[in-house]
Structures are given as structure tokens and as C-alpha cells.
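Here is how the chains run, residue by residue.
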Amino acid sequence: MSTPSLSHSTPSIARRKIAEALFKIVGLGSLTIAVGTLALLFGALLYQGASQIDWQFLMSFPSRHAAEAGILPAWVGSTLIMLVTAVVGIPLGVAAAIYLEEYARKTWMTELIEVTVTNLAGVPSIIYGLLALGLFVYILGLGESILVAGLTLALLILPVVIVTTREAIRAIPVEIREAAYGLGATKWQTVSHHVLPYSAAGILTGIILALSRAIGETAPIVTIGALTFIAFLPPAPFTTQPPYISFDWLLSPFTIMPIQMFGWVSRPGEDFAGNAAAAGVLLVGMTLTMNGLAIYLRYRMRKQVSW
Amino acid sequence: MNTSSMAEQEAMHISKPNAIEEAAARRRTRQQRERVIEGGLFLAALTSVATTVLIIAVLLSESIGFFKTVPLRDFFTDTLWTPLFANPHYGILPLLAGTLVTSAVGLLVAIPLGTVAAIYLSEFSSSRVREIIKPALELLGAVPTVVYGYFALLVVTPALQRLWPDLPGFNMLGPGIVIGIMIMPFVISLSEDAMRAVPMVLREGSYAMGATRLQTAWRVVVPAATSGLVAAYVLGISRAVGETMVVAIAAGQNPNLTWNPLEPAATITAYIVQVALGDLPHGSIGYQSIFAAGLVLAVMTFAFNILGHVLRKRFREVY
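### Examining the overall build of chain B
What chain B contains, in helices and strands, is 13 helices and 0 strands. When the helices and strands of chain B are read in sequence order from the N terminus, they spell out α-α-α-α-α-α-α-α-α-α-α-α-α. The C-alpha atoms of chain B give a radius of gyration of 28 Å, which is well past the 20 Å a tight globule of 319 residues would have. Oriented by its inertia axes, the alpha-carbon framework of chain B measures out at about 100 × 70 × 35 Å. Across the 319 residues in chain B, those meeting the buried criterion constitute 51%. For chain B, restricting intrachain contacts to residue pairs at least 6 apart in sequence, the fraction spanning at least 24 positions comes to 70%. On chain B, roughly 14700 Å² of surface is accessible, and the fraction owed to carbon and sulfur atoms is 64%.

Here it is as C-alpha cells:
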């Protein structure tokens, strides 16, 4: 009686094993497509762009002649905008995260804040550009300036900073806080002397990820009206006359790396494709370095910390 | 904390009413400082609410100006979008079609490949493979979108033109495929989270009945993780719909009411970029039209995001 059922089940097991093996191939294939296609594409980018990158490319203004064009105003603009974004976005985001994790009681207000944070994380970046165009550029009259671009990106990275900081803070065990309270510390003393220093590495990881996202953003900055062709630098932040420091650059027109690349990509003709690829290599290099650093930091943290 | 407790001790020893008052005053200033700090942190947290309100307010107020000129009926039924022409038409359908076609192509790439890859990662791969693949996927998700636009225009489309020699230089297929590759890491990561949230007991039960890994994955894990998987797809759609630079670079700038991905067409986002690159005076109908287009985009992504998060919450609650 058991013999026929066995002979019946044997081919089925074989078939199931074949199906399993097939799926493994398909699964690995899909992963390879996800990772491999991109490796291929980056190969193409590197092949077209790497030879263009030299000192002259980094230190020249854009030009009508592809061979002479460079990205000096673009990387200066990107650097200054990142400065504004970091100065505004990081303290706001970290403070908001501290409030939500350590202070907030369960009220409708807290609920509202949480919902808006989640929602903002999913808003397309170009919508932030429209917000900045309507609010910063026209209603507040700040023009198409470095300040506006920095503020726009600060709002854009806020959800990322908040979410990652909250995760880092949440990983600190409650006992640490209880011990501090037990010794008579106030809430802020507990947070600033214990919670923040212990979660600093996690918060830093989040900040790096957020800034790496901001540095590659194109759509919102195009929307506020950044130019693709700029043949001058913003005023220097340091001057020879007292008070030696100047904030004129905040209201200066600008361009940034991704917009410079966009400008070159959308020019007809083959000439500028090489420049675009070179800018692309630098951009990808920068974001991958920042992300790699963040991933490494997180990996080390996970290994070290044992509460 | 030391100063105040010492002050209290001092007060007890000497029992001067003055010292007690001093300690109380110190405690009051400390409490005040705490309250100021909490208030400051609360204000920082309110930024997110303020940003949301401001986005809605700016989009609505500029759109109201637009809809004073353009009747809502024309906006949703006219089949031409030519706000900058001498004879303007304001029908959102061509832009909507462009957005939907590029997103659909992207999803046709990202959903099947992403799901299979996620099943493989969650159910089959060793933890070592996962340790390598997950950060790699994360890196891919961080590449600036303008670089993907370059790929779509100068790498993927020329490759596709070898298959279809008639394919125009600007088309929706190339950017659609690139969008798919671009959102795949996001879809994989969310789907894998959903499947890993399925308790081990369910898998063990299935193995005990003699099921293979594939049978367990397909008949137990995937059904149990359905709402999480759907949430991953929905959030992926929201990303694809809002994607800007890839389509602005590679899909063309002409609004074109077509469902054929081999043709060029502008999307909502590409139109906004196109207008922003020009120099339209503030307050003109062309300027207002990008806010009306943005409003449509925002409503669509809001809807998808809310749906996605409701679904995600559901799968978290079940287990």
C-alpha cells in the first residue's frame, strides 16, 4: 500500500527540487539585474567621463566650447548650499527628533507631527521646489539665491534627519535615562549629557545620508530658477576689510553640480556628453563616498555597542 | 542638580529662611530653563507641520488664480496642453498620460524583478549574501537622479534603438525602464521587510508538512505578507509618479496624449522643469499653470502615500 504512494511522490519531489533550483537562478538573476545593470551603466559613465576630469575641468567656468568648459561655479555653489542646508536642516531635524522621542506626550498634536513627517518623506522633491518658488522667491522676496536653495534642501532633508535621529535615540536603553533621573538630573540634562552623546554616531550616520541626498537633488533647485550657465563665483565669504566676514554670497545667483550636468546632458550634439559624464562621475563618486561612510559607521556601531 | 540639593542641605543646617528661598528660586529658574528648552524643541518639531501646511497653501493659492481663468471642466477634459502658445489649451490629460505611461513601464520592471529579488533575499540567501547585497542596494538608491537621466538618454535609449530602429531619441520606454531600475532597491527593501516580519513559526509549520522552501515562500510567506508587499508597490508608484529628472531629460518636452511608450511625451514633472528653465513672469498664467500641475501631482502622491502607509501599518499590526 505504501509502495504506490511512494512511487507517486518521488517524481513530485524531484519536480519540486527542480522548481526550487530554477527559482534560485531566477532570484539571483533579478538581483544581478538590479545591481549588475547599474554596474554596467556606471562603467559606461566612467568610460566616457573619467578622461575629462583634470585640474582644468575643476577650475574652469562653463564655456561654449566643450573642451574648455569646467565646473568651478558648480562645485562652489554646491558647497555653499550644503553649508546653508547643514546649518539650518541639521539642528532643526535633531531638535524635532529629540522632542518626538523624549518629550512628546501622546496628544493629537504629536500624532499630527508624526503624520506630517511620514508624509513629507514621500512628497516628490519637485513639490518642495514649487513651495520654495512661491514662498521664498516671491512672497519673501529672497530671489533665486543660494540662501533659498539651501533652505529648500534643508526642508527636504528634514524628514530623513528626523527619522534617522529618532532611531538612534530610541536605541539608547531606558535604564540610562532612569539612572540619570535617579541622580536628580533634569530631562534636558539627561538628554544633553547622556542620550545625545551616546547616540552621536547614529545621528551622524543619518546626517551624512541626508546631506548626500541633498547634494544630488536637481529638480527642486531647477524649479526655483537656478541657471545652468554661470560665468562668475558668488562673493567670497571672507573680506580684507573689517568685519572680515561677509554674507553677500547668501543672496548671490548660483549653479550646482547636478544642474550643470543637466545643462550639459540636455544640449544637443555629442560634444557636451563627455562633460556631462565627467560631472556625473564626480557626483556619483561624492554620493557613494558619503553613503559608504554612513554604511561603514553603522556597521561598526552595530559591532561595538552592546548595552 | 548638585547645587540645589546642597542648597537644601545647607538650608536645613543653618535653617535660615533666606537660604530656603534662594534654593526655591534656583529651582524655579531651572524649571523655567527646562520649559524654554522644551518649547524650543517643540517649535522645531512643528516645522514639519508648518512645511506641510505651507506646501498646501502655496499650491492652492497659485492654483486658484489658474482656475479663475481655466474652467475645471476644460482642465480635466481638454486633450491639449499648450499654455505657452498663442492659442492656449489647458487640458492636463496629456501630461497625466505621460506620467502614467512612464510610471507603468517603471513598475512593470520594478515589481516582478523586485518581488522575486526580495523573496530570494528574504527566504533563500545566506545572511552573508544579504549583508553584502543590502548595502549595495542602498548605495544604488542614493545615486542622484540626474545621473539616471543621463543613462536613460545616452545609454538605454541608444541600446533600445538597436532593437527598434524607429524609436525616437526621446521616448517614454527608455526613461520608464530606468525609473524601474531606480525604484527597484526601494521596492526590494520594503518587500523584504514585509516578508521578514512574517513569524518563523509559520515557515516551520510549512516545512514540517514537507513543503520546500519555494512552496513555503510562495504559499505561506507571500500571502502572509501581502499587505506589506502591496504597500511596497504603492510607495514605489508614488516614487515613479514624482520622478522628475529622468523624464525631463529623456522623455521629451512635448505634451502628447498617447499610451504608446515608444513615443515621446512630457510628464507633469517634466513640464514644471521646462517652465522653470524658461523665464516666465511671476503671476502670469504660465507661471500659475506649474502650480496647478504640481497640485495634481501632489494629490496623486499624497493618495498613494496614505494608502501605502495604511497598508504597512496593517501588516505590522497582524504580527
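Don't stop here, the text continues.
### Some details on the pattern of salt bridges
In this structure the tally under the stated criterion is 12 salt bridges over all chains. Residues participating in the shared-partner salt-bridge network are Glu 101, Glu 114, Arg 166 and Arg 170 of chain A.

### What to know about the interface of chain B and chain A
Opposite the 76 residues of chain B that make contact, chain A presents 82 residues. A buried area of about 7100 Å², summed over both sides, lies between chain B and chain A, and 79% of it is on carbon and sulfur atoms. The interface formed by chain B and chain A includes 2 salt bridges. Arg 298 of chain A is the salt-bridge partner of Glu 138 of chain B, the closest N and O atoms lying 3.0 Å from each other. One can count 12 residue pairs in polar contact (both at pLDDT 80 or more) joining chain B with chain A. When residues in the side of chain B that touches chain A are grouped by element, the largest group, 18 residues, is from helix 2 (residues 17–69) of chain B. For the side of chain B that touches chain A, the class distribution of residues is 53 nonpolar, 17 polar and 6 charged.

### Description of the domain arrangement of chain A
All names here are of chain A. Annotation of chain A at the domain level lists domain 1 (2–50) and domain 2 (54–304). Each of domain 1 and domain 2 has a C-alpha centre, and the two are 39 Å apart. At the junction of the two partners, domain 1 supplies 6 residues and domain 2 supplies 7 residues. Taking both partners together, domain 1 and domain 2 bury about 500 Å²; carbon and sulfur atoms supply 80% of that area. By the criterion of area lost to domain 2, the three top residues of domain 1 are Leu 45, Gln 48 and Gly 49, representing 74% of everything that side buries. Remark: the boundary between domain 1 and domain 2 carries 0 salt bridges. Put simply, domain 1 and domain 2 have 0 residue pairs in polar contact (both at pLDDT 80 or more) between them. Classifying every residue of the side of domain 1 that touches domain 2 by side-chain character gives 4 nonpolar, 2 polar and no charged.

Analysis parameters
- Residues numbered from 1 in each chain as written.
- Chains lettered and ligands numbered in written order.
- Predicted model: local features only at pLDDT ≥ 70, side-chain atom pairs only at ≥ 80, totals over all residues.
- Heavy atoms only, no water.
- Helix = DSSP H or I, 4+ residues; strand = E, 2+ residues; numbered from the N terminus.
- Rg over C-alpha atoms; globule rule 2.2 N^0.38 Å.
- Buried < 20%, exposed > 50% of the residue type's maximum accessible area, 1.4 Å probe, protein only.
- Contact = heavy atoms within 4.5 Å.
- Areas by Shrake-Rupley, 256 points an atom, 1.4 Å probe, with all protein chains shown as cover.
- Salt bridge = Lys/Arg side-chain N within 4 Å of Asp/Glu carboxyl O.
- Buried area = accessible area lost by both parts, 1.4 Å probe.
- Polar contact = N/O pair within 3.5 Å; in protein donor to acceptor, adjacent residues only side chain to side chain.
- Nonpolar A, V, L, I, M, F, W, Y, C, P; charged D, E, K, R; others polar.
- Domains from an automatic or database assignment.

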